[in-house]
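Listed below are the residues making up each chain.
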Amino acid sequence: MPTLHWLTRETDLKLSGLAPYRLLEAVDEHSHGDPATGNILIQGDNLDALKALLPYYAGAVKCIYIDPPYNTKSAFEYYDDNMEHTKWLSVLYPRLEILRELLTEDGAIWASIDDHEVHYLKVIMDEVFGRGNFLANFVWQKSYGGGAKARWFVGLHEHILCYAKSLDRLPDLWLPPDPEAAKKYYKYKGGCTR
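Reading guide: rules and limits
- Residues numbered from 1 in each chain as written.
- Predicted model: local features only at pLDDT ≥ 70, side-chain atom pairs only at ≥ 80, totals over all residues.
- Heavy atoms only, no water.
- Core = buried A, V, L, I, M, F, W, Y, C linked by side-chain atoms within 4.5 Å.
- Buried < 20%, exposed > 50% of the residue type's maximum accessible area, 1.4 Å probe, protein only.
- Contact = heavy atoms within 4.5 Å.
- Helix = DSSP H or I, 4+ residues; strand = E, 2+ residues; numbered from the N terminus.
- Polar contact = N/O pair within 3.5 Å; in protein donor to acceptor, adjacent residues only side chain to side chain.
- Axes fitted to C-alpha atoms, helices over the stretch in contact; angles between N-to-C directions.
- Parallel < 35°, antiparallel > 145°, perpendicular 65-115°, else oblique.
- Left-handed = near helix turned anticlockwise from the far one by under 90°.
- Nonpolar A, V, L, I, M, F, W, Y, C, P; charged D, E, K, R; others polar.

A. Summary view of the nonpolar core. One finds Leu-96, Leu-99, Leu-102, Ile-109, Leu-121, Met-125 and Phe-129 to be the most contacted residues of the largest nonpolar core, which totals 32 residues. Leaving out residues up to four positions away in the same chain, Ile-109 has contacts with Ile-64, Ile-66, Leu-96, Leu-99, Leu-103, Met-125, Phe-129, Leu-161, Cys-162 and Tyr-163.

B. Fine view of the environment of Tyr-163. Position of Tyr-163 relative to the elements: it lies in strand 8 (residues 157–164). We classify Tyr-163 as buried; its relative accessible area is 0%. Excluding its chain neighbours within four sequence positions, the residues that come into contact with Tyr-163 are Gly-107, Ala-108, Ile-109, Lys-122, Met-125, Asp-126, Phe-129, Gly-130, Asn-133, Phe-134 and Leu-135. A distance of 3.2 Å separates a polar atom in the side chain of Tyr-163 from the backbone oxygen of Lys-122. There is a polar contact of 2.5 Å between the side chain of Tyr-163 and the side chain of Asp-126.

C. Up close: the packing of helix 3 (residues 46–57) against helix 4 (residues 85–102). As a packed pair, helix 3 and helix 4 sit with axes 10 Å apart at the nearest point and diverge in direction by 20 degrees. By the angle class used here, helix 3 and helix 4 are roughly parallel. The two elements helix 3 and helix 4 meet at a crossing, and its hand is left-handed. Within the contact between the two elements, helix 3 uses Asn-46, Leu-47, Leu-50, Lys-51, Leu-53, Leu-54 and Tyr-57 and helix 4 uses Pro-94, Arg-95, Ile-98, Leu-99, Glu-101 and Leu-102. Residues belonging to the contact of helix 3 with helix 4 are distributed by class as follows: 9 nonpolar, 1 polar and 3 charged.

D. Fine view of the environment of Met-125. Positionally, Met-125 belongs in helix 5 (residues 118–129). Put simply, Met-125 and Arg-100 are 25 residues apart on the chain and 9.9 Å apart in space, counted from C-alpha to C-alpha. Excluding residues that lie within four positions of it along the chain, Met-125 makes contacts with Leu-96, Ile-109, Ala-111, Gly-130, Leu-161 and Tyr-163.

Put into structure tokens, the structure is as follows:
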């Protein structure tokens, strides 16, 4: 299987194992609701937070959705979305490894991304989750006329990559389509229209 290589790869692959376990501490002034529900909000570095969750939730999470930085060369109030590509890869890889450990054997991970990094993310996820566990690349239209304007075109689509932790353990979830929803997708039977 092909692997993605970058300048600091060997060091970066060890990061998830080197991240120290941190103790989760409740902060009363930020707490709300019944603590018995098991819902938690963690503030801090996400690598530290994921590592802190491992002792409690390893192998227990059925579905994970992540929205990593798109690396669009923009700066936002809370994070920089303008990482050098090697840095972006080094940030993402160890977090994906920990997320894989959190999944149940019949669980799945969904990763939202745009065209800037989708192909690199796909190769990394192939490596971490196994290429045979790839389920789909859902491409969705984010707008009809606006979108992130580049110099030559308007980007209208984003991607959601989906992987099972173990494809042979994934339950069969196929359901027949809702007749009303199916009308929207099957109205062009018999070929292309102009």
